Structure formats: C-alpha cells, structure tokens
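The chain contents come next:
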Amino acid sequence: MSFGRRLQAARQAYGPLCVGIDPHASLLEEWGVGDSVEGLERFAEVCVEAFAGQVGLVKPQSAFFERFGSRGVAVLEWLLQAFRHTGTLTVLDVKRGDIGSTAAAYAAAYLDDDAPMAADAVTVSPFLGFGSLEPFFAEAERNDAGVFVLALTSNPEGPEFQHAAAADGRTVAGSVLAQLAALNADTAPLGSFGAVVGATIGETTEDLAIDGPLLVPGFGAQGGTVEDLHRLFGAVWDQVLPSSSRGVLRAGPDPEALRASARKVNAQLVSS
C-alpha cells in the first residue's frame, strides 16, 4: 500500500496531528530523566508507549538524537523500529539534500524498507535543484514510502530563497509545489510526495493543492493556531498534517498524560 494510502488511513483513524519527537536538552531535564543518553533512552521508551497506535504520525528530529553520537543514533534507530507495524507512521526529520550517488545513499539509509533506520517518510531540501531529489522519490516508490520537500518554511530566513523568482517566473517555492503536484498526478486518494509549509508564514498566494500531504510545523508552542491553519489551508484541509512537539510533549513524562494531550489537540483539529 502506498504511503499516501497509509497516511490517509492513519489520518482518518487517529486525526491529522503529527507529534514531533524532539528531545531538547531542556525537555529531558523538565521530564526529570536527565540530558544524557540514558535520559534519551527513557524519553524514547515513553514516547513509544504513549503514541504507538494512538496517533497517526510522529516526526522524530534526527539532530536531537545525533548530538549524543553513535549511542544517540542507536536510540533513534530503536525508536523507528519500535513504531513499525503499530499503525503510527514515522516521518524522519533530517532535511537531507545532495546529488547523485550521495543522495541515493541517503535515500537508501532512510527509505529502504530493510534499512536499520527505515522510516515511513523523510524530509528533504530541494535547494540543490528539484531534480537532485529524484533518488529519494525513486527509493520511496520502490518501498511505498513518502517524501516531504521543504517549500515554504516558517523561519524568517526562508523567504530569501523561497520567494526568489525561478527561471520560469514562478517563485522557487511555487516551482517546488508545482513539481510535487506533477509527481502526485493521477494518484488516489492522496499522493506520497508532500510539502513542508509552516503554520506561521503569515500569508501566501502559492497554490498548495499538490494532491499530496502538507506537513505543517510551527503549530502550537511555536505560535501557529487552528485559525492560522484554516486561513492558510482551508481549501486543502484534508491534506494538512499539523505538527506539534513541545505543545504535546510538555505533558510528559507520564504516558497517559501524553496520550491525553495528543487526543485533545486532535479533537480540536477535527472539530474545528
């Protein structure tokens, strides 16, 4: 089953929320587990207990695991494996982007179903040219996985590149979105190739109807509201996956409190 179909099923079963798994040093201390590999291991165990089979998606941020070196990467590998076959899909947030054989190696590392760090989807950067992402799309198709491409990010530095005019007169972001729409053409119910569009970008005139999922960070603790989501994405609401990390994780470390926090956010999104 394609990633788009699995994503649609997960969204219908649990709601659109994507829980960011971001073990900030301050969060580990706040949880009382300590900013250490041992604390990271406990954090990962609690997240799996709390969210596996309870939310549609989780998005581990690789950097917060990598900062502990090989032992931290081993925890990330365990986390990804623990979520497999639970009904909860994993989006590994690594924002990789390279060319040729290096891009192919990154794609195999994260999207090959037999890889130790296999995820259901991965985030990538298109700013070496959209064509440089072809190895990720090809690997995803072979393994029924997904790819989320940075398009309109909510950081203040983003417009310098994303709003610049491309050769055809469109903005760079607009070109990325249009090429994703072309990749997703003739897929149902949802394409497997999505865009990352921030909840706090303010306004946009870009066409967000890419027939694929829209991963929307910046919702919750970073300032994005349900009203912002409807204003920006009302026409493509059934494709939106709002992502919240601290807004949900601050309820930890009790697994039931974390589940309740995620359920509350999903209920707000579904009823709005």
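Presented here is a report on the structure given in the accompanying data block.

1. Examining the overall build of the protein chain
- Across its full length, the protein chain carries 12 helices and 8 strands.
- Its C-alpha atoms give the protein chain a radius of gyration of 18 Å, within 12% of the compact-globule value 19 Å for 272 residues.
- Each principal axis of the C-alpha distribution contributes one length, and for the protein chain these read about 55 × 45 × 35 Å.
- Out of the 272 residues belonging to the protein chain, those deemed buried represent 51%.
- When contacts within the protein chain are restricted to residue pairs at least 6 apart in sequence, those whose partners lie at least 24 apart make up 72%.
- Of note, the protein chain has its 18 positive side-chain charges centred 5 Å away from the centre of its 33 negative side-chain charges.

2. Digging into the pattern of salt bridges
- Counted under the stated rule, the structure contains 14 salt bridges.
- The residue R42 makes a salt bridge to E45 at a minimum N-O spacing of 3.5 Å. With R42 and E45 both in helix α3 (residues 37-51) and 3 residues apart, the pair spans about one turn of that helix.
- A relative accessible area of 39% places R42 in the partly exposed class.
- In this structure E45 comes out as partly exposed when scored by relative accessible area, which is 39%.

Cut-off values and rules
- Residues numbered from 1 in each chain as written.
- Predicted model: local features only at pLDDT ≥ 70, side-chain atom pairs only at ≥ 80, totals over all residues.
- Heavy atoms only, no water.
- Helix = DSSP H or I, 4+ residues; strand = E, 2+ residues; numbered from the N terminus.
- Rg over C-alpha atoms; globule rule 2.2 N^0.38 Å.
- Buried < 20%, exposed > 50% of the residue type's maximum accessible area, 1.4 Å probe, protein only.
- Contact = heavy atoms within 4.5 Å.
- Lys, Arg positive; Asp, Glu negative; His and termini not counted.
- Charge placed at Lys NZ, Arg CZ, Asp CG, Glu CD.
- Salt bridge = Lys/Arg side-chain N within 4 Å of Asp/Glu carboxyl O.

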